[in-house]
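Working through the structure, step by step
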Amino acid sequence: MATLELPRRQNLTPFTIWMAGLVLLLAVGAIGMAITLIYGLQVTGLRDQVPWGLWITHDLSAIALGAGAFTFSAVVYLFRIKRFEPMARVAVFVGFLGYSSAMLVLAMDIGRPDRFWHPLIYWNVHSVLWEITWCVILYSGVLIAEVFPIVTELKFFDRYPKIREFGHSLHRFTWVFAIFGLALSLLHQSSLGATYGVLSGRAIWFKPSLPVMFIISAVAGGMSLTLLATLVVGLVRGVELIPRDLIRSISRVIAFALLGYLYLKLWDWAATSYYSSSPGAADALARLQATTPYTTTFWWLEIVLGGLVPAVILLWSQLRRNPAYLVSALSLIIMGVVVNRWNVTLSGLVVPPQWSPGVTGGTLAVSYFPSAVEVMVSLGVLAYMLTAFTLGARYLPLFKKIGEQEAAHAD
Amino acid sequence: MTDNAKESKQTEPLLSRRDLLKVAGATLGTVAITELVITGPLSPAEIQGIERESHGAISGENEWHMVIDLEKCIGCQYCMWACQGVNDVPTDEMRWNVGFPEVTDNGTEFFMTRPCLHCSDAPCVKVCPVGATWTREDGLVSMDYDRCIGCRYCQVACPYDARRFNWEVSEQENPYQPTWGTAEVERRTRGVVEKCTFCEHRIDRGVEQGLVPGEDVQATPACVNVCPVGARVFGDIKNPESKLSQYLDNNDTFRLREDFGTEPKVHYVRPESEV
């Protein structure tokens, strides 16, 4: 197995420092979680008017950025485009970490975590959130089935050949998992946008474009995170884990997805805010612009830095060939997805609909800022993801084919 | 493309019999599944029939509505306090029935109060992932605190800010008891959402005893009973003789943000309407 070449007896290696930092953040997160469970959601910055905040943003982002798993699984195992094979295993691993992160945060965010299983027993088929819950739970099962064979390649399982054999036999059905993964992801990745898009009382959200924009940005963001993870591991190890022409192909796919996304967003904006304006949306937007930095974060962070700039870098081969530019472009896309999920969630909440028949009684804007506990929990879950990925990159054959264990040991 | 693939492309027909059968099978299968989900035993209607007998359909004999006459209201806030006493809402932030001083476009001052509007097409009912809130046969939007998981999607969906979440364990003394009422329902636990029920416990017990909600005080919401000027009228909209129906007939009323399509069951009389 390829590992970092480290000097034997040096205690303060970059790796130790990195892991120590992560362990510290994990402890911070654990404390935050304990506080939340003991004192309830009063420890958050949330309130009745803004009942969703940082944690929902974390959930949505983690799920969106985990979309690389279904994308690459479908490309490799369903459409059998062999060139992309080196991406498949790292993609499902990153996807699994994304979805498990989302579940961890969600378990903190719901008022009664002990009732997380209720949607499975008590059905409301009219609720997009019910559909999302089912899809996410089923898809997590798919991800476990896809990650399990990789885990059984650990040396530890030399002692349990039966389990490894089971892993290998699961691996033979990756095409089935790819089909389910594709179907479930197409459903819930878009329904997460519909969560907001179906609410007729909130003019800023109420539009059919949200589900489509959510899934396209998820595909772009998910592929970006997968590629970024691969590149960073390669840079740390000082090796090329995937061929350059593959980087080029993936970059182009991401860039075209981004451009498609920006095109949709352009018309989403032009049709509802430029060429015409629904009174409700215009009013809400005006209040949003007056009370929050929404205009700046939307145009600069989402559109320019999160979309246009990385699309140009990824399509401009001279820039893309420079690892610094490539890594920056992918990071910008990820930043753009996170900012977008934050903006979507908060924009509809902080400027509540005006329902009073008078002129003074309405609340123009409600402010929200995450509390220290919210930040602690989010940092902790982020640290979980990074720790698991670091260990996975070190000990799991993420960048090798199943059954190539021996060859891997040789290098 | 390999040589092999090229060859097969030349020799095989565009669509073999096998392919044709596959496509036909897939089409039939899709149609069958669609039927099953849209009209068959897996359809929303069927599933809900099993789940909640009256989900979303106001099919009962009665349908409870409320009128709030902003012209009559004097802003005494008794309705807010009586609600807190009877439904055991100890803090003002958690009020189910909110009120605040307001001004019309023309500068006329009035007092605006708002219970849950019990929308006939309630966004909160549609979005709840566990069906913890639903529309009863008599149109009341009811809640099951034992089923609620505390995801707060209903709060996000409600455009009228009618829902309250239990952010903490509610252990405070209730300053409105016993002056404004005694607790008739259990206090809610931490982590679930709550809201105005139109005092459904009174309606249910009253109807059982043959009383008429809106006429007999034991069967009428606390806020309606306590109003010293009769600014709140409650009753059955399906009964043309009810006090409520009469009031609606004799007054111009409006509902809050009808453009949302939520069909609220609370009707308002304008503060400047001439008698």
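None of these values were measured; they are calculated from a predicted model. (Residues numbered from 1 in each chain as written. Chains lettered and ligands numbered in written order. Predicted model: local features only at pLDDT ≥ 70, side-chain atom pairs only at ≥ 80, totals over all residues.)

Contact residues are listed per partner, giving 45 residues for chain B and 37 residues for chain A. Looking at the side of chain B that touches chain A, the elements that each hand over two or more residues are helix H3 (44-51), strand S2 (98-103), strand S3 (109-114), helix H5 (123-127), helix H6 (153-157) and strand S6 (164-165) of chain B. With four residues, the single largest contributor to the side of chain B that touches chain A is H6(B). (Contact = placed C-beta atoms within 7 Å. Helix = DSSP H or I, 4+ residues; strand = E, 2+ residues; numbered from the N terminus.)

Moving on to the environment of A:Ile334. Position of A:Ile334 relative to the elements: it lies in helix H14 (residues 323-350). Between the C-alpha atoms of A:Ile334 and A:Met223, which are 111 residues apart in sequence, the distance is 9.7 Å.

This brings us to the nonpolar core. If you look at the biggest cluster of nonpolar residues, it comprises 175 residues, and the most contacted ones within it are A:Phe93, A:Ala220, A:Ile254, A:Ile333, B:Cys83 and B:Cys124. No other element matches helix H4 (residues 85-109) of chain A, which puts 15 residues into this core. Leave out the neighbours within four places in its chain, and A:Ile333 touches A:Ala220, A:Gly221, A:Ser224, A:Ile254, A:Leu258, A:Gly306 and A:Pro310. (Core = buried A, V, L, I, M, F, W, Y, C linked by C-beta atoms within 7 Å. Buried ≥ 20, exposed ≤ 12 C-beta atoms within 10 Å, placed from the backbone.)

Residue and element names in this part refer to chain A. At their nearest, the axes of helix H9 (residues 209-237) and H14 sit 9 Å apart, and the two run at 140° to each other. One way to sum up the angle between H9 and H14 is to call them oblique. The handedness of the crossing between H9 and H14 comes out as left-handed. Contacts between H9 and H14 involve Ser217, Ala220, Gly221, Ser224, Leu225, Leu227, Leu228, Leu231 and Leu235 on the former and, on the latter, Pro323, Leu326, Val327, Leu330, Ser331, Ile333, Ile334, Val337 and Asn340. For the contact of H9 with H14, the per-class residue count stands at 13 nonpolar, five polar and no charged. (Axes fitted to C-alpha atoms, helices over the stretch in contact; angles between N-to-C directions. Parallel < 35°, antiparallel > 145°, perpendicular 65-115°, else oblique. Left-handed = near helix turned anticlockwise from the far one by under 90°. Nonpolar A, V, L, I, M, F, W, Y, C, P; charged D, E, K, R; others polar.)

Turning next to the domain arrangement of chain B. Domain parsing of chain B yields domain 1 (3-44) and domain 2 (62-269). The C-alpha-based centres of domain 1 of chain B and domain 2 of chain B are spaced at 54 Å. (Domains from an automatic or database assignment.)

Glancing now at the pairing of strand S1 (residues 64-69) of chain B. All names here are of chain B. S1 sits mainly inside the fold: six of its six residues count as buried. Burial along S1 is two-sided: the residues Trp64, Met66 and Ile68 and His65, Val67 and Asp69 are all buried. Bridge count for S1 against strand S10 (residues 266-269) is four bridges, and the pairing is parallel. Its bridge partner lying in S10, isoleucine 68 is registered against tyrosine 268. (Pairing = 2+ DSSP bridges.)

Read across the open sheet, the four strands follow the order S8-S1-S10-S9 (chain B); overall the sheet is mixed. Two strands in the sheet have a free side with no partner beyond their single neighbour: strand S8 (232-236) and strand S9 (253-254) of chain B.

The next point concerns the confidence of the model for chain A. Residue and element names in this part refer to chain A. Mean pLDDT over chain A works out to 92, with 95% of the residues at or above the 70 mark. Ranking the helices and strands of chain A by mean pLDDT puts helix H2 (residues 54-65) first, with 98, and helix H16 (residues 405-410) last, with 41. This model gives residues 402-411 a pLDDT under 50, and the stretch forms 13 contacts once residues within four places in sequence are excluded. (pLDDT = per-residue confidence, 0-100.)

To continue, consider unusual backbone geometry. Residues and elements named next belong to chain B. Cis geometry is found at the peptide bond from glutamine 177 to proline 178, where omega equals 0°. Here proline 178 is to be found in the loop between S6 and strand S7 (193-194). Even without a glycine there, the phi angle at glutamine 77 is positive, about 70°. Here the phi dihedral of histidine 118 falls at roughly 45°; this positive angle occurs in a residue that is not glycine. Mapped onto the secondary structure, histidine 118 falls in the loop between S3 and H5.

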